[in-house]
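Next come the chains, spelled out residue by residue.
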Amino acid sequence: MKRPDNDTYFMGMAQLISTRSTCVRRQVGAVIVKDKRVLTTGYNGSPKGTMHCEELGCIRDQQNIPSGTRHELCRGVHAEQNAVIQAAYFGISIDGATIYTTTYPCSMCAKILINAGIKEIIYAESYMDDLSKKLFEETKIIVRKYTPKSSP
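Residues numbered from 1 in each chain as written. Predicted model: local features only at pLDDT ≥ 70, side-chain atom pairs only at ≥ 80, totals over all residues. Heavy atoms only, no water.

A. The nonpolar core, seen in detail. Residues Ile32, Ile94, Ile99, Ile118 and Ile121 are the most contacted members of the largest nonpolar core, which totals 23 residues. Only strand S1 (29-34), helix H4 (79-90), helix H5 (107-116), strand S4 (120-125) and helix H6 (130-137) provide two or more residues apiece to this core. Excluding anything up to four places from it in sequence, Ile94 contacts Ile32, Leu39, Val84, Ala87, Ala116, Gly117 and Ile118. Membership of the second largest hydrophobic core comes to ten residues, among which are Met11, Ile17, Val33 and Tyr146. (Core = buried A, V, L, I, M, F, W, Y, C linked by side-chain atoms within 4.5 Å. Buried < 20%, exposed > 50% of the residue type's maximum accessible area, 1.4 Å probe, protein only. Helix = DSSP H or I, 4+ residues; strand = E, 2+ residues; numbered from the N terminus. Contact = heavy atoms within 4.5 Å.)

So, in structure tokens, the structure goes:
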């Protein structure tokens with residue numbers, strides 16, 4: 001068995017974490033890493049102690065809100081947001097860290113990641129959010145799509 005490279009290892013964790021999501025539309029996982037060490041994780045779902053969309057149904061589906069729009073009309077906290085919140089909750093600095101996320105961050109998450117001091121974003125799946133891309137272009141944050149390494 002071949003040892004996975006760091007990107008494969010941490011993206012695999014993000015993909016596993018996404019399986020905890022309670023969102024009925026999209027399951028997203030995130031892992032914040034610094035110096036090859038996991039600092040925090042997050043997945044998307046309703047705030048702690050509140051009912052899950054699996055139980056109530058999706059407000060966005062009920063109102064026919066297209067993907068990538070009106071993020072505020074959602075019960076869920078995004079995976080990236082939950083990973084940053086977890087760091088704040090436990091007093092962990094994520095300044096200069098890398099985030100692995102299964103989906104390209106939306107503009108709300110982009111603003112949070114920028115202000116949290118994230119230096120690199122590695123994502124697996126694309127997501128259409130022009131504002132997010134523009135915000136990242138205005139920073140020195142490295143944003144790159146995860147590409148699995150082919151086996152020899």
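B. Local environment of the pairing of strand S3 (residues 98-103). Most of S3 is tucked away, with six of its six residues classed as buried. Strand direction decides the pairing type here: S1 and S3, joined by four bridges, are antiparallel. Following the sheet pairing, Ala30 is matched in S3 by Thr101. Pairing of S3 with S4, which is carried by five bridges, proceeds in the parallel orientation. Paired with Thr103 across the strands is Glu125, a residue of S4. In this region the chain leaves S3, passes through H5 and returns to the parallel neighbour S4; the handedness of that crossover is right-handed. (Pairing = 2+ DSSP bridges. Right-handed = clockwise from strand over helix to strand, strands pointing away.)

C. A nonpolar patch on the surface, seen in detail. A contiguous nonpolar surface patch, about 350 Å² in accessible area, is contributed by Tyr89, Phe90 and Ile92. Its place among the elements puts Ile92 in the loop between H4 and S3. (Patch = residues over 30% accessible without salt bridge, like charges linked within 9 Å, V, L, I, M, F, W, Y side chains within 5 Å. Areas by Shrake-Rupley, 256 points an atom, 1.4 Å probe, with all protein chains shown as cover. Salt bridge = Lys/Arg side-chain N within 4 Å of Asp/Glu carboxyl O.)

D. A look at the packing of H5 against H6. Where H5 contacts H6, the axes come no closer than 8 Å and their chain directions differ by 20°. Comparing their axes, H6 and H5 come out roughly parallel. Residue-level inspection shows Ser107, Ala110, Lys111 and Ile114 of H5 in contact with H6, the latter providing Leu131, Ser132, Leu135 and Phe136. In terms of residue class, the contact of H5 with H6 is made up of five nonpolar, two polar and one charged. (Axes fitted to C-alpha atoms, helices over the stretch in contact; angles between N-to-C directions. Parallel < 35°, antiparallel > 145°, perpendicular 65-115°, else oblique. Nonpolar A, V, L, I, M, F, W, Y, C, P; charged D, E, K, R; others polar.)

E. View of the pattern of salt bridges. Inspection of the entire model under this criterion finds five salt bridges. Between Arg144 and Asp7 there is a salt bridge; the shortest N-O distance is 2.7 Å. Remark: Asp7 occurs in helix H1 (residues 6-18) and Arg144 occurs in strand S5 (residues 142-145); sequence separation between them is 137 residues. For the salt bridge of Lys134 with Glu138, the shortest nitrogen-to-oxygen distance reads 2.9 Å. One network of salt bridges, with partners in common, ties together Asp7, Glu120 and Arg144.

F. Just the packing of aromatic side chains, in detail. Counting across every chain of the model gives five aromatic pairs. On the numbers, 6.0 Å between centres and 80° between planes, the contact of Tyr104 with Phe136 is edge-to-face. Of this pair, Tyr104 sits in the loop between S3 and H5 while Phe136 sits in helix H6; the two residues are 32 residues apart in sequence, bridging distant segments of the chain. Judged by relative accessible area, which is 5%, Phe136 ranks as buried. The ring of Tyr104 has Lys133 sitting right over it, with the charged end atom 5.6 Å from the ring centre. (Phe/Tyr/Trp six-rings, centres within 6.5 Å; stacked < 30°, edge-to-face > 60°. Lys NZ or Arg CZ within 6 Å of the ring centre and 35° of its normal.)

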